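Structure assessment
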Amino acid sequence: MDNIDIKTEMIPVLPLRGLVIFPGSIIHFDVVRKSSVQALSDGMNNNQLVFITAQKKATDGESTTDNLYSVGVLTKVLQIAKISDTTFRVVAHGLSRCKALSFTDIGAYIKAEIYEIPLKASSDSIKKEALMNMVKDMFDEFAMLNTHVPQDMILSVHDMDDAGRLADYIADNIIRDYKKKQEILETINEEKRLEKVMKMFRRENNILEIEEQIAERTKEGIDENQKEYYLREKLKAIHDELGDDEDIGTEANDYREKIEKLKTSDENKKRLLEELKRLEKTLGNTAEANVIRNYLDTCLDLPWGIYSKEKNDIPKIAAALEKNHYGLKKVKESVLEALAVRKLNPDIKGQIICLAGAPGVGKTSIAKSIADATGRKYQRIALGGVHDEAEIRGHRRTYIGAMMGRIMYAVKQSGVSNPLILLDEVDKLGNDFHGDPTSALLEVLDGEQNSTFYDHYVDLPFDLSKVMFITTANDYTAISPPLLDRMDIIHIDSYTREEKFNIAKRHLVTKQLKRHGLTAKQFKITDEALYDLIDSYTREAGVRSLERAISSLMNKVAVKIVSDEFKSEKITKKNIESYLGSRKFKPDTINKNDEIGLATGLAWTSVGGETLPIEVAVMTGSGKIELTGSLGDVMKESAHAALTCVRTMADSLNIDGEFYKTKDIHIHVPEGAVPKDGPSAGITLATALTSALTGMPVRHDVAMTGEITIRGRVLPIGGLKEKTMAAYRYGIKTIIIPQDNKPDLDEVDDVVKNSVNFVLADNINTVLDTALVKH
C-alpha cells in the first residue's frame, strides 16, 4: 500500500455521510460526531491512518456496523483544524482501495480489520487504450455542454495515461450521486470501471442536450432583459419534459380547495384565486413565492363567517357579572342594555364602550368578565405607546417582513368573527412621522364603516361589525375628539372605603388564598383588619395596592406555616403591624371642638375623597390678604370670590364694613406640600371667613362642598360620591351640598345616606345657618 506499513491490528473507521473518497484524491470535510472525532484521534496515533467508507443511508445520525459499505479507502490524515468547540475541518489523502473483513463497535467508535484489494490490470492494452480515448472524447463533449467544467480539470484528464486513475478521477469530480460513486469504487477491473464511466457520460450528455434544447425553445420570443420570465418559462418546460408537474400542482390544489370552502364573498375568493395563479407561475422556493404563500396562509386562517354562539339570557349574564365584580353599576347596566337591544335586533351595529377611570379600578378585568358572561372569545390589545399606524391597519405587502395589524391579528387569534376585543389604554396612543394610529382606529370603531374594514396586509374587506369593542382610558380627555365621538363613555369612579372592603372580602382574599396555596382555615383576616389595611396601608383609587398588601400578609404567614411555627393564623387589627410594619397613613380624625375660623371642606382626589380643613386668621393690619397651602389659581380666585361675598353681606352679619381696610386676613389650607386646586371649596372658604370675622364658631361635625359666587349663590360640584364617603369615614354628621347636586345623591352609598344628614343649599345663607354656632 504505497510502501505504508499497516499494522495487523484493526484500523479506526471514519464513516462519511453522502461522501465517497477515491485513491489518489485529496478531500476536505468537516467532522462533528463524537465517535468520528475519537476515531480521528486514535488514527493520528496510528501513523495518521484511518479507514474511510460511506454510510449506506446518509440520513442516519449515528453509524452502525450494519450501515457501512465494506469497500472503502485507506486514508492518511494530513491536517486537522478546529473550527468550533464541536466541529473539526479535516484534510485527507486517499491511499488505496481496501475491504473490511469485519467491523467491530468498541463503544467510542468503530474499528475494522482491512486488507488492500489487489488491482486487476487489463491484459488487452489496445482495448484499454481505446476505452480511455472514448472516455476522454465523451468528457470533452460533456465539457462543451457544461460550461462550468474548470480548464485545469480538462487538462488533467487529457494528461492521464493510467486507466484506473482516469476512471477514479472522473467519478470523483463529475458524478454527484454518492451511491454511483461507491459502485465505481467497488469495481476493481479497470476496463469495467471505464465502461461504467462511459455509460454515466452518455446519460449526463443526453440530459445536457435536452436542457439545451429546452433553453433554446423557451428563449425564443423572449427579450433578454426579461430574466425572471425566462426562468419561469424554463422551469415550466422542464416540468413538461420530465412529466412531473403532478406534485407541483398538489399545493395549488390544496389552496384552491380551501379558498372555495371559505364563507366569504365571491369577490374575495376571486382575489385569492388570482394570488394562487401568481404562485403557480412563480418558482417554487423563491422569496416571492414564500411571500405569496404567507399571504394565502394568513387569509385562509382568518375566521371568515365563523361566529361563536352568544349568550343572551340577560338575567344570567347580570348574575354572572354581579358575582365576579362588586359595584360598577353603570358598566353592568350599559352592557346589559346593549345585549338586550342586540337580542331584540340582531343586525344592530356594535356598541363601542369606553371605560374611563383611575388605574386599578377594574376596567380590564370587567371586560374579561363581560366576555365570559356573554360567551364571546376575549382578546386584549395594549395600545399604550403605539405610535405607528401600521400597528393598527397592518403593513402593505410591498414591505419586507410585512404583517397584518393588531386588530386583524386579534380576530385571527380568537378564531371567530364576533369576539370581544379590549383596546386597553386608548388614551396613550402616540403620534409621529410613522402615522396617526388614532385616525386608523376611526374606521375600526365606526359601526357604519367597520363592516368592510381593510387591513393593508390582508387587502380584503373583513366584517368587524359583529365584534364587541371595549376601550379603556385613564384620562378620556386625552382621546382625540373624532375618536371620542364614537364611544359611549362610562366613568368608573374610584372605589369608596366600603367598596374596597367588599371587593377584598369577596374576591381578593379568595384569589390570593388560591395563589398562595393556603386554605381558609390556615389564613383568616378580620373585618377590622381589612378596614385597617384600606385606611392605614393603602391610599389609591383602585385595589391593586390593597391586593399586594393582602399578598404580603399571606407570604409571611406561608413562611411561618412551612417553618412549623404555627398551623394557622388570624390577622387582626392588633397583630397586623407585626407583619406589615408601622402604619403608613394616619386616618383623619374629627375635631371634637367647635372652633372659630376653622371649617371642614371636602375634596376629590384620584385616590378617592378627602376632608379639607380650611383655617382663617384675622389680625389688625392694613387690609392685606395672604393665601398659603400650595393653592392653585382656581382656588385662589375662589378665595377672593368668597371674600367679596362676605363683604356684600357684612351688614346682615354684623361685621365691620371697613374690615377689608383695617384687618389682615390669612387663609391657610393645611398639608402645604400637597397642591390643591378647584372651585368646590368656595362655601367652605366663605364659612371660615365669616366665622373668623364674626367670632361665631363652626360646628365640628359639619362638612361642606360647593362653589361660591360673589352674589352668594352655591353652584354644583363633582365627585360627590367619594367626598361623602370621606366625610362618613371622618365622622361627620351633616354634609352641606349644592341644591343642584340632589340627583347625584342616588349614587351615594346607602351606608352613607343612612348615617349622614344632607343639607341642600342654593345660597350662602343656608350654609351659614347650618354650619355656624350662633350666640
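Residues numbered from 1 in each chain as written. Predicted model: local features only at pLDDT ≥ 70, side-chain atom pairs only at ≥ 80, totals over all residues. Heavy atoms only, no water.

With respect to the overall build of the protein chain
Helices and strands together make up the secondary structure of the protein chain, namely 27 helices and 24 strands. Computed over the C-alpha atoms, the radius of gyration of the protein chain is 45 Å, more than 25% above the 28 Å expected from 2.2 N^0.38 for a compact globule of 775 residues. For the C-alpha atoms alone, the extent of the protein chain along its principal axes is close to 145 × 70 × 55 Å. Here the protein chain, with 775 residues, has 47% of them falling under the buried criterion. For the protein chain, the accessible surface area stands at approximately 39,600 Å², while carbon and sulfur atoms represent 48% of it. Taking the 105 positively charged and 119 negatively charged side chains of the protein chain as two groups, their mean positions are separated by 6 Å. (Helix = DSSP H or I, 4+ residues; strand = E, 2+ residues; numbered from the N terminus. Rg over C-alpha atoms; globule rule 2.2 N^0.38 Å. Buried < 20%, exposed > 50% of the residue type's maximum accessible area, 1.4 Å probe, protein only. Areas by Shrake-Rupley, 256 points an atom, 1.4 Å probe, with all protein chains shown as cover. Lys, Arg positive; Asp, Glu negative; His and termini not counted. Charge placed at Lys NZ, Arg CZ, Asp CG, Glu CD.)

Some remarks on unusual backbone geometry
Although it is not a glycine, Asn47 adopts a positive phi angle of roughly 60°. Look at Asn47 and you get partly exposed, because its relative accessible area is 44%. The phi dihedral of Ser630 is positive, around 55°, even though this residue is not glycine.

Considerations on helix α20 (residues 544-562)
When the terminal C-alpha atoms of α20 are compared, their 27 Å separation across 19 residues agrees well with the 27 Å that a helix rising 1.5 Å per residue should span. Listed as buried for α20 are Leu546, Glu547, Ala549, Ile550, Ser551, Leu553, Met554, Val557 and Ile561. In this structure, the buried residues of α20 make contact with α18 (497-516), β14 (523-525), α19 (527-537), β15 (569-571) and α21 (576-580). After α20 finishes, the residue Asp564 shows a positive phi value of roughly 60°. (Expected span 1.5 Å × (residues − 1). Contact = heavy atoms within 4.5 Å.)

A short note on the environment of His700
For His700, the position within the fold is in the loop between α24 (682-694) and β20 (702-704). Judged by its relative accessible area of 25%, His700 is partly exposed. Each C-alpha atom, one on His700 and one on Ala478, is 40 Å from the other, the two residues being 222 residues apart in sequence. Here Asp594 takes part through its side chain, which lies 2.5 Å from a polar atom of the side chain of His700. (Polar contact = N/O pair within 3.5 Å; in protein donor to acceptor, adjacent residues only side chain to side chain.)

Thoughts on the packing of α18 against helix α25 (residues 720-730)
Here α18 crosses α25 at 85°, and the two axes come no closer than 9 Å. Classified by the angle between their axes, α18 and α25 sit roughly perpendicular to one another. Where α18 approaches α25, its residues Arg497, Glu498 and Glu499 are matched on the opposing element by Lys721, Met725, Tyr728 and Arg729. Here the contact of α18 with α25 is composed, by residue class, of two nonpolar, no polar and five charged. (Axes fitted to C-alpha atoms, helices over the stretch in contact; angles between N-to-C directions. Parallel < 35°, antiparallel > 145°, perpendicular 65-115°, else oblique. Nonpolar A, V, L, I, M, F, W, Y, C, P; charged D, E, K, R; others polar.)

Considerations on the packing of aromatic side chains
Taken as a whole, this structure holds four aromatic pairs when the rule is applied. A ring pair is formed by Tyr295 and Tyr457, whose centres lie 5.9 Å apart and whose planes are at 65°; its orientation type is edge-to-face. Remark: Tyr457 occurs in the loop between β10 (453-454) and β11 (461-462) and Tyr295 occurs in helix α10 (residues 287-301); sequence separation between them is 162 residues. Taken as a pair, Tyr295 and Tyr457 share a single burial class, namely buried. The positively charged end of Arg397 is found above the aromatic ring belonging to Tyr295, 3.7 Å away from the centroid. Between the NZ or CZ atom of Arg647 and the centre of the ring of Tyr660, over which it lies, the distance is 3.5 Å. (Phe/Tyr/Trp six-rings, centres within 6.5 Å; stacked < 30°, edge-to-face > 60°. Lys NZ or Arg CZ within 6 Å of the ring centre and 35° of its normal.)

Points about the pattern of salt bridges
Scanning the model with the defined rule gives 25 salt bridges in all. Arg97 serves as the salt-bridge partner of Asp168, at 2.7 Å between the closest nitrogen and oxygen. Of this pair, Asp168 sits in helix α4 (residues 163-174) while Arg97 is found in strand β5 (residues 88-105), placing the two residues 71 residues apart along the sequence. One exposure class covers both Asp168 and Arg97, and it is buried. Arg486 is paired through a salt bridge with Asp446; the nearest N and O atoms lie 3.3 Å apart. Pair noted here: Arg486 is in the loop between α17 (481-484) and β13 (488-492) and Asp446 is in the loop between α16 (437-444) and β10, with a separation of 40 residues, a long-range link. For Arg486, a relative accessible area of 25% puts it in the partly exposed group. (Salt bridge = Lys/Arg side-chain N within 4 Å of Asp/Glu carboxyl O.)

Structural notes on the environment of Asp66
Within the secondary structure layout, Asp66 lies in the loop between β3 (49-54) and β4 (71-82). Overall, the relative accessible area of 66% leaves Asp66 in the exposed class. With eleven residues separating them in the primary sequence, Asp66 and Gln55 have C-alpha atoms 9.2 Å apart.

Quick look at the pairing of strand β12 (residues 468-473)
Within β12, six of the six residues are buried, leaving the element largely enclosed by the surrounding structure. Here β12 shows a buried face lined by Met468, Ile470 and Thr472 and a second buried face lined by Phe469, Thr471 and Ala473. Pairing of strand β7 (residues 353-357) with β12 involves four bridges; the strand directions are parallel. Counted as the bridge partner of Ala356 is Ala473 from β12. Bridging between strand β9 (residues 420-424) and β12 involves four bridges; their strand directions are parallel. Note that in β12 the partner of Leu422 across the bridge is Ile470. (Pairing = 2+ DSSP bridges.)

Focus: the side chain of Ser369
With respect to the element layout, Ser369 can be found in helix α13 (residues 363-374). Given a relative accessible area of 9%, Ser369 falls into the buried group. Residues within four places of Ser369 in sequence aside, it is in contact with Leu321, Asn324 and His325.

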